[in-house]
Amino acid sequence: MSSSSTPPAPPPQTKTKIQFIPVGSAPILTKTKYKLPSTQPFSSVTLFLRKILALTPETGLFVYIGTSFAPNPMELVGEIENCFSVNGELQVHYCLQEAWG
């Protein structure tokens, strides 16, 4: 009997399709759709958006799912997607001043 010592392959990284939608006077992105890891907390989406918008730490950024609520930063992206995706995408509205809520 031979034993294989090859470790099992890691599970494939699942990604969530995210569409960023500006609200009010928020800067408009040239590319609005990205795929981000589903296993990351939503705070990583906010950090990613801050980076691509080149915002300073002092600049406020408000993010909403749809036009209804700001998600818990610790909630996993994939869990939010499972509940609130539209046509297979998680729509994240963003603005520099509080818009809803």
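Everything in this summary refers to the structure shown in the same document. (Residues numbered from 1 in each chain as written. Predicted model: local features only at pLDDT ≥ 70, side-chain atom pairs only at ≥ 80, totals over all residues. Heavy atoms only, no water.)

1. Focus: the sheet that holds strand 3 (residues 62-65)
Strand order in the open sheet formed by four strands is 2-1-4-3, and the pairing between neighbours is mixed. Across the chains shown, the open sheet's two edge strands, defined by having one partner strand only, are strand 2 (33-37) and strand 3. Across the sheet, the axes of successive neighbouring strands diverge by a mean angle of 35°, strand direction being ignored. Summarising the sheet, strand 1 (residues 15-22) and strand 4 (residues 90-95) pair through five bridges and their orientation is parallel. Considered in strand 4, the bridge of Phe-20 is made with Val-92. (Pairing = 2+ DSSP bridges. Helix = DSSP H or I, 4+ residues; strand = E, 2+ residues; numbered from the N terminus. Axes fitted to C-alpha atoms, helices over the stretch in contact; angles between N-to-C directions.)

2. Let's talk about the pairing of strand 4
Two faces belong to every sheet, and in a regular strand the side chains alternate between them. Among the six residues of strand 4, five are classified as buried, and the element is accordingly described as predominantly covered. In terms of strand pairing, strand 3 meets strand 4 through four bridges, oriented antiparallel. Along strand 4, the bridge assignment pairs Ile-65 with Val-92. (Buried < 20%, exposed > 50% of the residue type's maximum accessible area, 1.4 Å probe, protein only.)

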